[in-house]
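Residue-level structural notes
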Amino acid sequence: MSRECQHEYLKVVKIAGYSGRICEFEFVMYLIKNAVALEKILIDPRHQIVNGTPLASAEFKKEQTSRLHAKRQLEAEVPPTIDEEPDIHFKYIEAAAKTGQIEEVEHVTRESNFYNPEKTKNFLMEAKLPDARPLINVCDRFGFVPDLTHYLYSNNMLRYIEGYVQKVNPGNAPLVVGQLLDDECPEDFIKGLILSVRSLLLVVSQLYFIASWFLNRLCLLTEFLEHLVSEGSRDVHVHNALEHFLTTNPYYDSRVVGKYCEKCDPTLAVVAYRQGQCDEELINVTNKNSLFKLQARYVVERMDTDLWAKVLNPDNVYRRQLIDQVVSTALPESKSPEQVSAAVKAFMTADLPHELIELLEKIVLQNSAFSGNFNLQNLLILTAIKADPSRVMDYIYRLDNFDGPSVGEVAAVNVLLDNIRSIEQAVEFAFRVEEDAVWSQVGKAQLREGLVSDAIESFICANDATQFLDVIRASEDANVYHDLVRYLLMVRQKAKEPKVDSELIYAYAKIDRLSDIEEFILMPNVAKLQNVGDRLYDEALYEAAKIIFAFISNWAKLAVTLVKLKQFQGAVDAARKANSSKTWKEICFACVDAEEFRLAQICGLNIIIQVDDLEEVSEYYQNRGCFNELISLMESGLGLEHAHMGIFTELGVLYARYRPEKLMEHIKLFSTRLNIPKLIRACDEQQHWKELNYLYIQYDEFNPGGLAKWLGSWSQSACPRLNWVCSPVQVRVPAL
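Residues numbered from 1 in each chain as written. Predicted model: local features only at pLDDT ≥ 70, side-chain atom pairs only at ≥ 80, totals over all residues. Heavy atoms only, no water.

1. Thoughts on the overall build of the chain
When helices and strands are tallied, the chain shows 46 helices and two strands. Burial analysis of the chain (736 residues in total) assigns 45% to the buried set. Considering only contacts within the chain whose residues lie at least 6 apart along the sequence, 55% involve residues at least 24 apart. As displayed, the chain has an accessible area near 38100 Å², and 49% of this comes from carbon and sulfur atoms. (Helix = DSSP H or I, 4+ residues; strand = E, 2+ residues; numbered from the N terminus. Buried < 20%, exposed > 50% of the residue type's maximum accessible area, 1.4 Å probe, protein only. Contact = heavy atoms within 4.5 Å. Areas by Shrake-Rupley, 256 points an atom, 1.4 Å probe, with all protein chains shown as cover.)

2. With respect to helix α39 (residues 627-637)
Where α39 is concerned, the buried positions are Leu630, Ile631, Leu633, Met634 and Gly637. Taken down its axis, α39 places every buried residue within 160 degrees of arc, on the same side. In this structure, the buried side of α39 is in contact with α37 (597-607), α38 (611-623) and α40 (645-658). (Arc of directions from axis to C-beta.)

3. Structural notes on the packing of helix α35 (residues 568-578) against helix α36 (residues 581-593)
One way to put it is that α35 packs onto α36 with a least axis distance of 9 Å and a crossing angle of 165 degrees. It follows from the interaxial angle that α35 and α36 lie roughly antiparallel. Between α35 and α36 lies a crossing of left-handed hand. Only Thr583, Trp584, Ile587, Ala590 and Cys591 of α36 make contact with α35, whose side of the interface consists of Phe568, Ala571, Val572, Ala575, Arg576 and Ala578. Of the residues in the contact of α35 with α36, the class split is nine nonpolar, one polar and one charged. (Axes fitted to C-alpha atoms, helices over the stretch in contact; angles between N-to-C directions. Parallel < 35°, antiparallel > 145°, perpendicular 65-115°, else oblique. Left-handed = near helix turned anticlockwise from the far one by under 90°. Nonpolar A, V, L, I, M, F, W, Y, C, P; charged D, E, K, R; others polar.)

4. Topic: the environment of Leu352
Take Leu352: it is sitting in the loop between α20 (337-349) and α21 (353-365). The buried category is assigned to Leu352, whose relative accessible area is 7%. Residues Leu352 and Leu312, spaced 40 residues apart in sequence, show a C-alpha to C-alpha distance of 9.0 Å. Ignoring anything within four residues of it in the chain, the contact list for Leu352 reads Leu312, Arg319, Ile323 and Phe347.

5. Section: the side chain of Ser475
On the secondary structure map, Ser475 appears in helix α28 (residues 468-478). Ser475 gets classed as buried once you look at its relative accessible area, which sits at 0%. Side-chain polar atoms of Ser475 contact the backbone oxygen of Val471, separated by 2.8 Å. For Ser475, the contacting residues outside a window of four places in its chain are Val452, Ile456, Val480 and Leu484. (Polar contact = N/O pair within 3.5 Å; in protein donor to acceptor, adjacent residues only side chain to side chain.)

6. As for the nonpolar core
As a rule of thumb, nonpolar side chains are buried together in soluble globular proteins. Counting residues in hydrophobic clusters, the biggest one holds 91 residues, and the most contacted among them are Tyr487, Ile505, Ile517, Leu536, Ile587 and Tyr621. Excluding residues within four positions of it along the chain, Tyr487 makes contact with Ile456, Phe459, Ile460, Asp464, Ala465, Thr466, Gln467, Phe468 and Val471. Core analysis: the next-biggest nonpolar cluster, separate from the first, contains 43 residues, Leu282, Val300, Trp308 and Leu379 among them. (Core = buried A, V, L, I, M, F, W, Y, C linked by side-chain atoms within 4.5 Å.)

7. Considerations on the pattern of salt bridges
Applying the stated criterion across every chain yields a total of 32 salt bridges. The residue Glu355 makes a salt bridge to Arg320 at a minimum N-O spacing of 3.8 Å. Taken together, the residues Glu355 in helix α21 and Arg320 in helix α19 (residues 319-333) connect sequence positions 35 residues apart. Residue classification places Arg320 among the partly exposed positions, given a relative accessible area of 35%. Its salt-bridge partner being Glu586, residue Lys582 comes within 3.0 Å of it at the nearest N-O pair. Here Lys582 pairs with Glu586, and both are found in helix α36, just four residues apart, close to one helical turn. Given the relative accessible area of 33%, Glu586 is considered partly exposed. (Salt bridge = Lys/Arg side-chain N within 4 Å of Asp/Glu carboxyl O.)

8. Focus: the packing of aromatic side chains
Scanning the entire structure with this criterion turns up eleven aromatic pairs. For the ring pair Tyr481 and Tyr506, a centre distance of 5.9 Å and an interplane angle of 70 degrees mean the geometry is edge-to-face. Separated by 25 residues along the polypeptide, Tyr481 in helix α29 (residues 481-492) and Tyr506 in helix α30 (residues 498-510) bring together distant segments of the chain. Tyr506 sits in the buried class, given a relative accessible area of 3%. In this structure, Lys121 packs its charged tip against the face of Phe144, placed 4.6 Å from the ring centre. Against the face of Tyr506 rests Arg535, its NZ or CZ located 3.5 Å from the ring centre. (Phe/Tyr/Trp six-rings, centres within 6.5 Å; stacked < 30°, edge-to-face > 60°. Lys NZ or Arg CZ within 6 Å of the ring centre and 35° of its normal.)

9. A short note on the side chain of Asp516
One can find Asp516 in helix α31 (residues 514-522). Among the polar contacts listed, one links the side chain of Asp516 to the side chain of Arg513, at a separation of 2.5 Å.

10. Things to note about helix α5 (residues 117-127)
Where α5 is concerned, the buried positions are Thr120, Lys121, Phe123, Leu124 and Met125. Looking at the buried positions of α5, the neighbouring elements they touch are α3 (86-98), α4 (102-111), α6 (133-142) and α7 (145-154). For α5, the N-terminal cap is Asn116; the gap from its side-chain oxygen to the backbone nitrogen of Glu118 is 3.1 Å. Looking at the residues trailing α5, positive phi occurs at Lys128, about 50 degrees.

11. Topic: unusual backbone geometry
For Met303, which is not glycine, the phi torsion reads 55 degrees and is therefore positive. Looking at where Met303 falls in the secondary structure, it is placed in the loop between α17 (292-302) and α18 (305-311). Located in the positive-phi region is Glu595, a residue other than glycine, with phi close to 60 degrees. By the element assignment, Glu595 lies in the loop between α36 and α37. Given the relative accessible area of 60%, Glu595 is considered exposed.

12. A word on the environment of Glu518
Considering the arrangement of structural elements, one finds Glu518 in helix α31. Sequence separation between Glu518 and Ile547 is 29 residues; the distance between their C-alpha atoms is 7.0 Å.

13. A word on the packing of helix α34 (residues 555-564) against α36
Between α34 and α36, the least distance of the axes is 10 Å, while the angle of their chain directions is 10 degrees. The orientation of α34 with respect to α36, classified from their angle, is roughly parallel. Taking contact as the criterion, the partners of Ala556, Ala559, Val560 and Val563 in α34 are, on α36, Thr583, Glu586, Ile587 and Ala590. Among the residues forming the contact of α34 with α36, the class breakdown is six nonpolar, one polar and one charged.

14. Some words on the confidence of the model for the chain
The predicted coordinates ought not to be read in detail in places where the model reports low pLDDT. When pLDDT is averaged along the chain, the result is 79; 76% of the residues meet or exceed 70. Under a pLDDT of 50 for its full length, residues 705-710 has, in the predicted model, nine contacts with residues more than four places off or in other chains. Segment residues 712-736: pLDDT under 50, and 27 contacts once partners within four positions in sequence are set aside and those in other chains are kept. (pLDDT = per-residue confidence, 0-100.)

The structure is reproduced here in structure tokens:
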């Protein structure tokens, strides 16, 4: 056989019984060099087993020696793409297992990357070797840990389970524990296993999933997890599994833990949601499970105005149950003046006078920490005067720490307002007594009668900030923003409410006090500036909106606001900062409409670079007859760093329509960057036959059916090329 012979069809070669002799090695190297189509060489050092007879021990050792020799001999010589056959590796494992060569099985399953993991795992499980290390190697390397655990537990090989999680891969301990729980392993063994690996555990990210599956048996993990926490672990997954620490640990994700606690114990879900202040979730779970006492305690503790408004909303079908628990349990238990104050304020805001009387009776008339509170006793009597006069005398006899003259004056003004129905006399009476509560009653009456400015004056005299929602609504209806500003400034001194600060900015804008807006937003405030800015823009208060959008760096909205103010240069500058396609288009089109074509071109160059927006810009210019300006924009676009085929093609189409004298030069210069089919259609529509001729030649596509249109205009150089593409019949027939 010549050494220069090239074997062109040899693709797969299998050499059996390879032992590493010189002749064998040279033969392999010869094949590698001369078999140019060779895809795979299978090197099998085994002696052939006749009729499936297992190898004797001596033969097996001889084969093992041959294998190692072959490996050392060929590894450095063969290309890295020549792989070994997975089936050979499996059969090697199978033979070694059947001959009792456990160490060799363990070695190959640990080192080889070529055997089939699933097939090998199934074989080793069926073989039931006394040593589980080969099976452990396969399952650990290829992700069969649950299968491994089930096999070892089912075959009472517990010491291998311990060895695996302690020495081989402590990081898979969660998977082992999960499978043991599935197999109903005794709790003592699982607990001992967890405690034995606690200092070795490297990955605990799956622990809370185990806990979520077996939450009723989470006590097994308590000792282990307590140890991790005591060592300073801040892994969120560790803390998510700590049922025992739900109320004390700040690190777990309250929504994750609460969600799976809902299924087994809703009270635990409440604890988790309370820890993370997950208001929506807590309200839902307590409503669903009728845990209104827990809900009431949470709402009282939170002291959140929005949460109170939600639960006291008339649309809440569970409002009555909640109120009952607030009155009977949550507030009487509270020792916090702030909590009581927030609850009372919430009931007043929700306009629940009868429920407020129930609440105050529970706090004031019964033996609580607030029984002798001066303000609460006054409030109880004043609320009763308004909502249930029949109770007033009983309260006066039973209470001993209220302001008698003030209560009497409020009662008197109520007579003037409700019985005599004379607001003028009530105002005169308020001036005489100068009591806040009296002025407050007068203000409410004036507001009901539509005397908004007078009501605001009364509320300011009363220093009453509780009626701001009604005052804002009435002031907007009556368009009395000067008075509203005065009232809101007073309210800001007593409460931090986003609604108040936002309405104050809006009121400033309505009366054109722009400098006050600039001053206000520089001071600490809780206004929702984005919402205010949008509202000002929608109501065409553009100067005020401009101040807000500039302050919060909302460049997109600032740009369109400046367009409304005809400040086009500023709009372009803002659009540059926003750098969004939508903003560039809005400013570009506005500049075109205003005939600010220089600025429109600046915007347009940032738009046409996007293929999807190019056609929209072109149509907008053309619909308004701005053909020269559009051509100028496209010509400038040719020099952009990322100029694409669409720009070159669109400019060609525009030349075909509006500047035909430039069309041929453009086609010749940029023929490789044009969408030729699109430009062919444009030239056909405009009847530019010479340009069409040139395009068809460049495109190498001729349309025989249309040749009659432009045949007379073709150059002589095109005719020979035509004959290559079209048959004589094709050329002649259309021309007849």
